[in-house]
Structures are given as structure tokens and as C-alpha cells.
Amino acid sequence: DSGVTQTPKHLITATGQRVTLRCSPRSGDLSVYWYQQSLDQGLQFLIQYYNGEERAKGNILERFSAQQFPDLHSELNLSSLELGDSALYFCASSGLAGNTGELFFGEGSRLTVL
Amino acid sequence: DAKTTQPPSMDCAEGRAANLPCNHSTISGNEYVYWYRQIHSQGPQYIIHGLKNNETNEMASLIITEDRKSSTLILPHATLRDTAVYYCIVRVRLGNEKLTFGTGTRLTIIP
């Protein structure tokens, strides 16, 4: 158990809809990262938040947005969903600078768009 | 971050040592070598990391060549549960920086 909690574990929705994925980081971790993994594809970095502020942005579509709340949990919002958005979405967290640089990953949210 | 090259797939017999190579010929002096693995659709799991000295923990050993241009992850007694995709990542060791994953090596442990 990494200590990172993601909900929901599975989500099935239709094209054009909007969904929200939630991530609770490890206790005390200030950074949250979101990754997307499509079928048989690699892990693609989407976005990172550090203590409520956007820290780094990767290949995140304009239809996607994220935020980190004062209690440090994060949400990834996916809108105008397309079939190609079907994927595993992972959240990871990391601690204060000076630690091992390790990221702790949740078990993912599997999104299926029909 | 330096680019890494790994073989796409490898097989290893159960109970034998699995040796997974990684080439990182453009590594900089302040960059560390990290290894993660992903067991079928689960979240990636940290295995080990090192700078220039060989490292060992309860999961694996990491051997880094003297010129630091390549490394080998060793799983000393592979079990079926070690079947996974293994990622070698090179980056500066900072507490709050993203990881960039390549395609990794798909390791299959054969009974």
C-alpha cells in the first residue's frame, strides 16, 4: 500500500460527458502528479501540483484540468470526453525536498468512454 | 533528464537471477539512476536508485558502471510475481520533480 488513494477505481461513461477523478496523497506529501496510461501505451505525465500551485505541465489536453485543494487532495477533471480518453489515470505524490526523490503511486482510476 | 535505452523484453527462469540492463550514456554528473516497475496495470512501484556506487535493498541490487553510462538491475531470485515492466529513469534527485517514463523492459518470469 503506497498510501495514495484514488477514487473511483473504475468509471464508465459516454462520449461528451465530464468526469472527476480524485486523489488523496500520502499524509504530509505536498506534491501531486497525474499520469495517463492508454492501452498498451506508456505512462504520460499530465500535470503536477505542489502545495496548491501548478508546478509542471506535460501533455495535458485543454479539455482536462486539475487542481489541488488546501487539504492537499487533488482532482483531475476530464470534459467533452472522447473514445481516446479511455485509459488508466494514475496519481502519485512525493514529500518534501531532500527525501529520496521517490514518487508514490496510487492504484489508478480506469476510465472507459463508450 | 538523460535518455535511457532498455531492451523491450526479457525472459528469466523462476528462481534464477534476473539482470535488466539500461544504457544512459548521456547521464550528467548530478543525475541519479532510478528503477521502477509496473505489475500489470497497477501503479508503478519504486525499486531502487543510485548515483555511482552499487546499491542493494530488500528488493534488488543496482550495479552502475564506473563511467556511469550504463547500469544493471538485479533481482537475485526471480519469482512469478516479478513479472512486470521495469523502467530505468535518470534524473536529478529532487524531492518534488516528475518522473519521465520510457517504454521499459517487459520481464517475464518463466516457471
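Scroll up to find the structure this text is about.
The structure displayed is predicted, hence computed values, not measured ones.

A tally of helices and strands in chain A yields zero helices and 11 strands. At 13 Å, chain A has a C-alpha radius of gyration in line with the 13 Å of a compact globule built from 114 residues. Considered along the principal axes of its C-alpha atoms, chain A spans approximately 45 × 25 × 20 Å. Split into buried and exposed, the 114 residues of chain A put 50% on the buried side. Put simply, of all contacts in chain A between residues at least 6 apart along the chain, 54% involve residues at least 24 apart. If you average the places of the 8 positive and of the 12 negative side-chain charges in chain A, the two averages end up 2 Å apart.

Below, the discussion takes up the sheet that holds strand 9 (residues 105-110) of chain B. Residue and element names in this part refer to chain B. The mixed open sheet is built from five strands, whose spatial order is 1-9-8-3-4. Single-partner strands in this sheet number two, and they are strand 1 (9-13) and strand 4 (45-50). Geometrically, the sheet is characterised by an average inter-axis angle of 25° between neighbouring strands, direction not taken into account. Sheet topology note: the strand 3 (residues 31-38)/strand 8 (residues 84-92) ladder contains eight bridges and is antiparallel. Across the sheet, Arg 37 pairs through a bridge with Tyr 86, a residue of strand 8.

Turning our eyes to something else, we now look at the interface of chain A and chain B. In this assembly, 25 residues from chain A lie in contact with 19 residues from chain B. Between chain A and chain B, a total of about 1700 Å² is buried, with carbon and sulfur atoms accounting for 49% of that surface. Per-residue buried area on chain A facing chain B is highest for Leu 43, Thr 100 and Phe 105 of chain A; these three make up 27% of the total on that side. At the boundary of chain A and chain B, one finds one salt bridge. Between Arg 55 of chain A and Glu 97 of chain B there is a salt bridge, with its nearest N and O atoms 3.2 Å apart. If you look at where chain A meets chain B, you find seven residue pairs in polar contact (both at pLDDT 80 or more). Looking at the side of chain A that touches chain B, the elements with two or more residues in it are strand 4 (31-37), strand 5 (44-50) and strand 9 (87-94) of chain A. It is strand 4 of chain A that contributes the most residues to the side of chain A that touches chain B, four residues altogether.

Once that is clear, we can look at the state of the cysteines. Residue and element names in this part refer to chain B. According to the stated counting rule, one finds two disulfides over all chains in the structure shown. Note on cysteine connectivity: Cys 22 is disulfide-linked to Cys 88, with sulfurs 2.1 Å apart. Looking down the S-S bond of the Cys 22 and Cys 88 bridge, the torsion is -80°, so its handedness is left-handed. Of the two residues, Cys 22 is situated in strand 2 (residues 18-23) and Cys 88 in strand 8; the sequence distance between them amounts to 66 residues. The class for Cys 22 is buried, based on a relative accessible area of 2%. Residue classification places Cys 88 among the buried residues on the basis of a relative accessible area of 2%. Cys 12 carries a free sulfur, and the closest cysteine sulfur to it, the one in Cys 22, is 18 Å from it.

The next subject is unusual backbone geometry. Residue and element names in this part refer to chain A. The amide bond that connects Thr 7 to the next residue, Pro 8, takes the cis arrangement and shows omega of -10°. With respect to the helices and strands, Pro 8 occurs in the loop between strand 1 (5-7) and strand 2 (10-13). Phi at Asn 51 is positive, roughly 50°, even though this residue is not glycine. Residue placement: Asn 51 occurs in the loop between strand 5 and strand 6 (53-57).

All names here are of chain A. Checked against the element boundaries, Gln 68 lands in strand 7 (residues 64-68). On the basis of relative accessibility, which here comes to 7%, the residue Gln 68 falls in the buried class. Engagement of the side chain of Gln 68 in a polar contact is seen with the backbone nitrogen of Asn 51, the distance being 3.2 Å. When residues no more than four places from it in sequence are discounted, the contact partners of Gln 68 are Leu 30, Val 32, Tyr 49, Tyr 50, Asn 51, Gly 52, Glu 53, His 73 and Ser 74.

In the structure shown here, the tally under the stated rule is nine aromatic pairs over all chains. Ring centres 6.3 Å apart and planes at 80° place the aromatic pair Phe 105 of chain A and Tyr 36 of chain B in the edge-to-face group. Of this pair, Phe 105 of chain A sits in strand 10 (residues 104-105) while Tyr 36 of chain B is found in strand 3, placing the two residues in two different chains. Residue Tyr 36 of chain B is classed as buried on the basis of its relative accessible area of 0%. Here the aromatic rings of Phe 105 of chain A and Phe 101 of chain B are separated by 5.9 Å at their centres, their planes lie at 70°, and the arrangement is edge-to-face. In this pair, Phe 105 of chain A sits in strand 10 while Phe 101 of chain B sits in the loop between strand 8 and strand 9, so the two residues belong to two different chains. For the pair shown, Phe 105 of chain A and Phe 101 of chain B are each scored as buried. Linked through ring pairs, Tyr 35, Phe 45 and Phe 105 of chain A together with Tyr 36, Tyr 46, Tyr 87 and Phe 101 of chain B together constitute an aromatic cluster. Over the ring of Phe 104 of chain A we find Arg 26 of chain A, and its NZ or CZ is 3.5 Å from the ring centre. Over the ring of Phe 45 of chain A we find Lys 98 of chain B; its NZ or CZ atom is 5.6 Å from the centre of that ring.

What counts, and at which threshold
Residues numbered from 1 in each chain as written. Chains lettered and ligands numbered in written order. Predicted model: local features only at pLDDT ≥ 70, side-chain atom pairs only at ≥ 80, totals over all residues. Heavy atoms only, no water. Helix = DSSP H or I, 4+ residues; strand = E, 2+ residues; numbered from the N terminus. Rg over C-alpha atoms; globule rule 2.2 N^0.38 Å. Buried < 20%, exposed > 50% of the residue type's maximum accessible area, 1.4 Å probe, protein only. Contact = heavy atoms within 4.5 Å. Lys, Arg positive; Asp, Glu negative; His and termini not counted. Charge placed at Lys NZ, Arg CZ, Asp CG, Glu CD. Pairing = 2+ DSSP bridges. Axes fitted to C-alpha atoms, helices over the stretch in contact; angles between N-to-C directions. Buried area = accessible area lost by both parts, 1.4 Å probe. Salt bridge = Lys/Arg side-chain N within 4 Å of Asp/Glu carboxyl O. Polar contact = N/O pair within 3.5 Å; in protein donor to acceptor, adjacent residues only side chain to side chain. Disulfide = S-S within 2.5 Å. Phe/Tyr/Trp six-rings, centres within 6.5 Å; stacked < 30°, edge-to-face > 60°. Lys NZ or Arg CZ within 6 Å of the ring centre and 35° of its normal.

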